[in-house]
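# Understanding the architecture of this molecule
Listed here are the chains, written in short residue letters.
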Amino acid sequence: MIVEERLVTYLHSLEQENSEILEEIEQAALRDSVPIIRKEMQSFLKVLLAIKRPTRILEVGTAVGFSALLMSEYAPEECTITTIENYEKRIPIARENFKRAGKEQKITLIEGDAMEVLTELSGPYDFIFMDAAKGQYIAYLPEVLRILEPDGVLVSDNVLQDGNIIESRFAVERRDRTIHSRMREYLYTLKHHPDLETSIIPLGDGTAVSVKRNKGR
Ligand code: SAH
Ligand code: MG
């Protein structure tokens, strides 16, 4: 937890319930330790979607479909979502959840490794939600930027690693060092990339919001 726990508890207490199906899927996910977006990220995504009003969303990391369904509820009616997942245990659960919600026409789940799938997508997308293996974000970035439209929004979740990101490389456990340095490289790149305007926000487990510059304007 990177924000004081009591503050998070208070902010959660202000939240209103989600739709019945989202509540059900969230409960099941928490019970089964599926790492879905937290309350504060949920409400932040709702606001971003209300501002951006995207029509083509790409999500990297479906899990059981919770965030895809939430985005689908809060995006404009005509919006379609493509979401990528490679964990075979979660794929059928996600498909079932999309079906239960009557969203099979709106949400397309692509099975496979995100890196491979990304290279095959042509997009363009106007909103990309990156929420898969944190150590891979830096590798995905060139493909993500290729298929993100000018003025498009990239939201990257879990970028502050429970606060570990501020520790020196030698203070983090050896097994976490690769992911630590890759995430630092990712954040540096987001902040220094000529095509992006990025804000890194200590919300939830840390999120980065980037907008692709529109050079035509
Ligand atoms: N966005 C979801 C949670 C995603 S959890 C929600 O909030 O509801 C991250 C998911 O990314 C996991 O289910 C994991 O299996 C998937 N993932 C990790 N590495 C991946 C890869 N290389 N290719 C595709 N999916 C990957
Ligand atoms: Mg996440």
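Higher on the page you've got the structure.
The present account deals with the structure reproduced in this document. (Residues numbered from 1 in each chain as written. Chains lettered and ligands numbered in written order. Predicted model: local features only at pLDDT ≥ 70, side-chain atom pairs only at ≥ 80, totals over all residues. Heavy atoms only, no water.)

### A short note on the pattern of salt bridges
For clarity, the cut-off: Salt bridges are defined as contacts in which a side-chain nitrogen from Lys or Arg sits within 4 Å of a carboxyl oxygen from Asp or Glu. A helix here means a DSSP run of H or I that spans at least four residues, while a strand means a run of E at least two residues long, and both kinds are numbered starting from the N terminus. Classification of residues uses two cut-offs on accessible area relative to the type maximum, computed with a 1.4 Å probe and protein chains only: under 20% is buried, over 50% is exposed, and between them is partly exposed.
Counted by the stated rule, this structure contains 10 salt bridges. R95 is the salt-bridge partner of E111, the closest N and O atoms lying 2.9 Å from each other. One end of the pair, E111, is in strand β3 (residues 107–111); the other, R95, is in helix α5 (residues 91–100), with 16 residues separating them in the sequence. Since its relative accessible area comes to 47%, E111 is described here as partly exposed. E197 is paired through a salt bridge with R213; the nearest N and O atoms lie 2.5 Å apart. Of this pair, E197 sits in strand β6 (residues 196–201) while R213 sits in the segment after β7 (207–212); the two residues are 16 residues apart in sequence, bridging distant segments of the chain. For R213, a relative accessible area of 37% gives the class partly exposed.

### Digging into the site of ligand 1
Quick note on the threshold: Proximity criterion: a residue is near a molecule or strand once any of its heavy atoms comes within 4 Å of it. Here a polar contact is taken to be a pair of N or O atoms separated by no more than 3.5 Å, where protein atoms must pair a possible hydrogen donor with a possible acceptor and residues adjacent in sequence count only if both atoms sit in side chains. Note on residue classes: Ala, Val, Leu, Ile, Met, Phe, Trp, Tyr, Cys and Pro are nonpolar, Asp, Glu, Lys and Arg are charged, and everything else, Gly too, is polar.
Near ligand 1, the surroundings consist of 20 residues, among which S67, E85, R90, D113 and D131 are the closest. One of the side-chain nitrogen or oxygen atoms of D131 is found 2.8 Å away from a nitrogen atom of ligand 1. Along the lines of polarity and charge, the residues of the shell around ligand 1 split into 10 nonpolar, five polar and five charged.

### Structural notes on the packing of aromatic side chains
What describes a pair of aromatic rings is the distance from one ring centre to the other and the angle between the planes of the rings. Using the following cut-off: Each aromatic pair joins two rings of Phe, Tyr and Trp (for Trp, the six-membered one) with centres within 6.5 Å, and gets the label stacked for planes under 30 degrees apart, edge-to-face for over 60, and tilted for any other angle.
Counted under the stated rule, the structure contains one aromatic pair. Arranged with centres 5.4 Å apart and planes meeting at 65 degrees, the rings of Y137 and Y186 form a pair that is edge-to-face. Taken as a pair, Y137 in helix α7 (residues 137–147) and Y186 in helix α8 (residues 177–192) lie far apart in primary sequence, 49 residues in all. This pair shows no difference in class: Y137 is buried, exactly as Y186 is.

### Things to note about the pairing of strand β5 (residues 148–157)
Keep this limit in mind: We call two strands paired when DSSP finds no fewer than two bridges between them. For the handedness criterion, the strands are oriented away from the viewer, and a crossover whose path from the first strand over the helix to the second runs clockwise is classed as right-handed.
Burial analysis of β5 places seven of its 10 residues in the buried class, which makes it a mostly covered element. Bridge count between strand β4 (residues 125–130) and β5: five bridges; the pairing is parallel. Of the residues in β5, the one forming a bridge with M130 is S156. Once the chain exits β4 it traverses α7 before rejoining the sheet at β5, and the crossover so formed is right-handed. For β5 and β7, the ladder comprises five bridges, and the chain directions are antiparallel. Bridged to V155 within β7 is V209.

### A short note on the environment of A132
Basically, it comes down to this: What makes two residues a contact is simply this: any of their non-hydrogen atoms within 4.5 Å.
Relative to the helices and strands, A132 is located in the loop between β4 and α7. Here A132 falls in the partly exposed class, since its relative accessible area comes to 28%. Expressed as a C-alpha distance, the spacing of A132 and I84, which sit 48 residues apart in the sequence, is 9.0 Å. When sequence neighbours within four positions are dropped, the list of residues in contact with A132 reads V60, G61 and Y137.

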